[in-house]
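The primary structure of each chain is shown beneath.
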Amino acid sequence: MNPIGNLNKLFDSRIRLGVMSILMVNGEISFNDLKQMLELTDGNLASHLNTLEENGYIKVHKGFVGRKTNTTYSITKSGEKAFKGHLTALENMIKSTR
Amino acid sequence: MNEQQHLETLSDIKRIMERSSRFISLSGLSGVWAGLTGLAGAAVAFTQMSDYYIAWDTRGSYSDADYAALRYNLITLGAIVLAVAVAGGYYFTRRRARRNNVPIWDATSRKVLVNFGIPLVAGGCFILGLMFNNFVTLIAPSCLVFYGLALVNASKYTLSDIRYLGLAEIALGILNIFFLRRGLYFWTLGFGVLHIVYGLVMWWKYERPAKEQ
């Protein structure tokens, strides 16, 4: 079997991979915290988050803190599975070339 | 993509996970500063207490006014020591965060503060209750135990080594329960010596090589 086939295309993007890495270890995290951690602009981060949401890898929760909107994100079961699968694929490729 | 790139990706993932879930800018020098402040505070407390007992001996009897004054002085001293220790600790940690180019106030530092704060505030209320009921000998061991629990709790969100400092503080506090009225020595050891040792070890382990670069 072609080992590259196991790599998830969605995670070719460094930013999406970064978002998933953060969500794996943090239960729920706000848009602003994500932006700060990844050092991105609003628009850039938003478009990647949309892609991840459309694929069912992350969940969006819209809420309010006072009058300000506070959007938070968390990883879904299928997102977790996809991310772990991607990691395993990466590890296997490193092992197989040794 | 080749092997090297895959390795880089994996280590990036690891670094992002680490950085997004733990506050790693906590400086060892903050610990050293807190320890030195603690030692200085203990020295002042020691003279105040020995003055109190000398006055007692020369008078030959206990004095309510003297006791109230000592109590007031020690509480004031404690508050000053705490403020100086926290202010200096904040300074060194902010300096380190700036050097690493990471914000001092972010999701991870908030988590550290909240998780450190819960056992600490609980302990603070408990100790106020002890003072209210005049169980003064239990104050020192309770401070050490609750402070240790707070450190252990916070260690999940910052340098994991801080867990060992927490365990050592808990152990000292429990030992103190069996040597009541020796609270000041245990305090000096727990808040002074342990902080300095921990701070130096942390500085040596994480900050020293970064300085050379």
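Residues numbered from 1 in each chain as written. Chains lettered and ligands numbered in written order. Predicted model: local features only at pLDDT ≥ 70, side-chain atom pairs only at ≥ 80, totals over all residues. Heavy atoms only, no water.

Trainee: Break down the pattern of salt bridges for me, with residues and values.
Mentor: All chains considered together, the criterion is met by nine salt bridges over all chains. For the salt bridge of E207 of chain B with R96 of chain B, the shortest nitrogen-to-oxygen distance reads 3.8 Å. Taken together, the positions of E207 of chain B in helix α7 (residues 183-212) and R96 of chain B in helix α3 (residues 64-99) put the pair 111 residues apart, joining distant regions of the chain. Take E207 of chain B and R96 of chain B: they sit in the same class, and that class is buried. Of the charged contacts in the structure, one is a salt bridge between K205 of chain B and D161 of chain B, with a shortest N-O distance of 2.5 Å. Taken together, the residues span a long stretch of sequence, with K205 of chain B in helix α7 and D161 of chain B in the loop between α5 (139-154) and α6 (162-177) at a distance of 44 residues. Residue K205 of chain B is classed as partly exposed on the basis of its relative accessible area of 46%. The network of salt bridges with shared partners includes R14 of chain A together with D12 and R15 of chain B. (Salt bridge = Lys/Arg side-chain N within 4 Å of Asp/Glu carboxyl O. Helix = DSSP H or I, 4+ residues; strand = E, 2+ residues; numbered from the N terminus. Buried < 20%, exposed > 50% of the residue type's maximum accessible area, 1.4 Å probe, protein only.)

Trainee: I'd like to hear about the packing of helix α1 (residues 14-25) of chain A against helix α2 (residues 31-38) of chain A, residue by residue, with values.
Mentor: Two quantities define a packed helix pair, namely the angle between the axes and the distance from one axis to the other. Residues and elements named next belong to chain A. Relative orientation of the contacting elements α1 and α2 amounts to 120 degrees, with a least axis distance of 11 Å. The orientation of α1 with respect to α2, classified from their angle, is oblique. α2 is crossed by α1, and the crossing has right-handed handedness. Between α1, through G18, V19 and I22, and α2, the contact on the second element is made entirely by L34, M37 and L38. Residue composition of the contact of α1 with α2, grouped by class: five nonpolar, one polar and no charged. (Axes fitted to C-alpha atoms, helices over the stretch in contact; angles between N-to-C directions. Parallel < 35°, antiparallel > 145°, perpendicular 65-115°, else oblique. Left-handed = near helix turned anticlockwise from the far one by under 90°. Contact = heavy atoms within 4.5 Å. Nonpolar A, V, L, I, M, F, W, Y, C, P; charged D, E, K, R; others polar.)

Trainee: Tell me what's going on with the confidence of the model for chain B, and back it up with residues and numbers.
Mentor: This prediction gives chain B a mean pLDDT of 91; 97% of its residues lie at or above 70. Across the interfaces of the predicted complex, the ipTM metric reaches 0.80, alongside a pTM of 0.80. (pLDDT = per-residue confidence, 0-100.)

Trainee: So what about α2 of chain A? Which residues, and what values?
Mentor: For α2 of chain A, the set of buried residues is F31, D33, L34, M37 and L38 of chain A. Along α2 of chain A, the residues classed as buried sweep out an arc of 165 degrees about the axis, all on the same side. Against α1, β1 (29-30), α3 (42-54) and β3 (68-75) of chain A together with α1 (3-21) and α4 (107-132) of chain B lie the buried residues of α2 of chain A. Phi turns positive one or two residues past the end of α2 of chain A, at E39 of chain A, with a value near 55 degrees. (Arc of directions from axis to C-beta.)

Trainee: A description of the side chain of S27 of chain B should follow, citing residues and the corresponding values.
Mentor: Mapping S27 of chain B onto the fold places it in the loop between α1 and α2 (28-59). Dropping the residues within four chain positions of it, S27 of chain B is found in contact with F92, T93, R96 and E207 of chain B.

Trainee: Run through the environment of W204 of chain B, naming residues and quoting values.
Mentor: Residues and elements named next belong to chain B. When you line up the elements, W204 lands in helix α7. Judged by its relative accessible area of 52%, W204 is exposed. Here the alpha-carbon distance between W204 and G28, two residues 176 residues apart in the chain, equals 8.2 Å.

Trainee: I'd like a description of the state of the cysteines, backed by residues and values.
Mentor: Per the stated rule, a full pass over the model turns up zero disulfides over all chains. Looking at the unpaired C143 of chain B, the closest cysteine sulfur is the one in C125 of chain B, lying at 13 Å. (Disulfide = S-S within 2.5 Å.)

Trainee: Kindly report on the nonpolar core, identifying the contributing residues and their values.
Mentor: Core analysis: the biggest nonpolar cluster contains 33 residues, and F11, M20, L34, L38, L45, L49 and F83 of chain A have the highest contact counts within it. Counting residues per element, the ones that place at least two in this core are α1, α2, α3, β3 and α4 (77-97) of chain A together with α1 of chain B. Among the elements that take part in this core, α4 of chain A stands out by supplying seven residues, more than any other. Those residues in contact with F83 of chain A, other than ones at most four positions away along the chain, are F11, L17, M20, S21 and M24 of chain A together with I13 and M17 of chain B. Within the second largest apolar cluster, 16 residues are counted, among which are I127, M131, F186 and Y198 of chain B. (Core = buried A, V, L, I, M, F, W, Y, C linked by side-chain atoms within 4.5 Å.)

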